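# Analysis of the macromolecular model
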Amino acid sequence: EFILNDTVYSKHYDIFEILANTGMRVSELCGLILSDLDFSKKIIHIQKQLIRRKDGTKYIQKTKTKAGDRYVYMTPDTEKSLKKLVEQRKECMTDPEIDGYRGFLLLTENGNPKTASDIESMMRRAYKKYCKFHPEAPLPKITPHVCRHTYCSNMAKAGMNPKALQYLMGHSDIGVTLNVYTHLGLIDAKEEMNRIAKLA
């Protein structure tokens, strides 16, 4: 709500929304090109990452694991945000190319593809501004990875099949996904016991 209504950071709202509702790694979001989005089938093809080296140069890398090459369905809110980003995408005189790829979804003011560090910096500034104006309602530190972990936790709490969640997260090892379940607390366990009791 703060991001949505803030005069400075509201323009970044769609990035927050997509990260929170897809579980994508931030580098995977930065690696998306227009052809990865299929609005007719409402799916996102995640198959690569955009990485920035320490010297500032950028390159394309395959997903972190083989399991990372996956399709993720767009929720209605995610579809809306993606369409908004496509519409707002700056049309460049020369569309930037990295390792043979063009049509990057997220571009900076200068027309260069955004990287994880761009988004991390933006989130850090937004978080600091929130804390400054809302000291009475503190939040834990929010990063792109926190959005990914929160998505995974929310899907686990909602009762999603662990194998389905493993696929959506792009985890090569089910143990990584199951670790999210072990982090759920006593309240979650109580809710689950009550749910099962109702089925009996």
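Residues numbered from 1 in each chain as written. Predicted model: local features only at pLDDT ≥ 70, side-chain atom pairs only at ≥ 80, totals over all residues. Heavy atoms only, no water.

Attention now goes to the pairing of strand 2 (residues 43-46). Burial along strand 2 is two-sided: the residues I43 and H45 and I44 and I46 are all buried. Looking at chain direction, strand 1 (residues 37-38) and strand 2 are connected through two bridges and run antiparallel. Among the inter-strand pairings, L37 is bridged to a residue of strand 2, identified as I44. The antiparallel pairing of strand 1 with strand 2 creates a hairpin that spans four residues between the two strands, and K42 there sits at a positive phi of about 60°. With four bridges connecting them, strand 2 and strand 5 (residues 70-73) associate as antiparallel partners. If you follow H45 over to strand 5, its bridge partner there is Y71. (Buried < 20%, exposed > 50% of the residue type's maximum accessible area, 1.4 Å probe, protein only. Helix = DSSP H or I, 4+ residues; strand = E, 2+ residues; numbered from the N terminus. Pairing = 2+ DSSP bridges.)

Before going further, it helps to examine the nonpolar core. The tendency in soluble globular proteins is for nonpolar side chains to be buried side by side. Residues L29, I44 and I119 are the most contacted members of the largest nonpolar core, which totals 39 residues. Residue assignment for this core shows that the elements contributing at least two residues are helix 2 (13-22), helix 3 (26-30), strand 2, helix 4 (76-88), helix 5 (116-133), helix 6 (144-157) and helix 7 (162-169). If you tally residues by element for this core, the top one is helix 5, at five residues. What I119 contacts, discounting residues up to four positions off in sequence, is I15, L19, V26, L29, C30, L106 and P144. (Core = buried A, V, L, I, M, F, W, Y, C linked by side-chain atoms within 4.5 Å. Contact = heavy atoms within 4.5 Å.)

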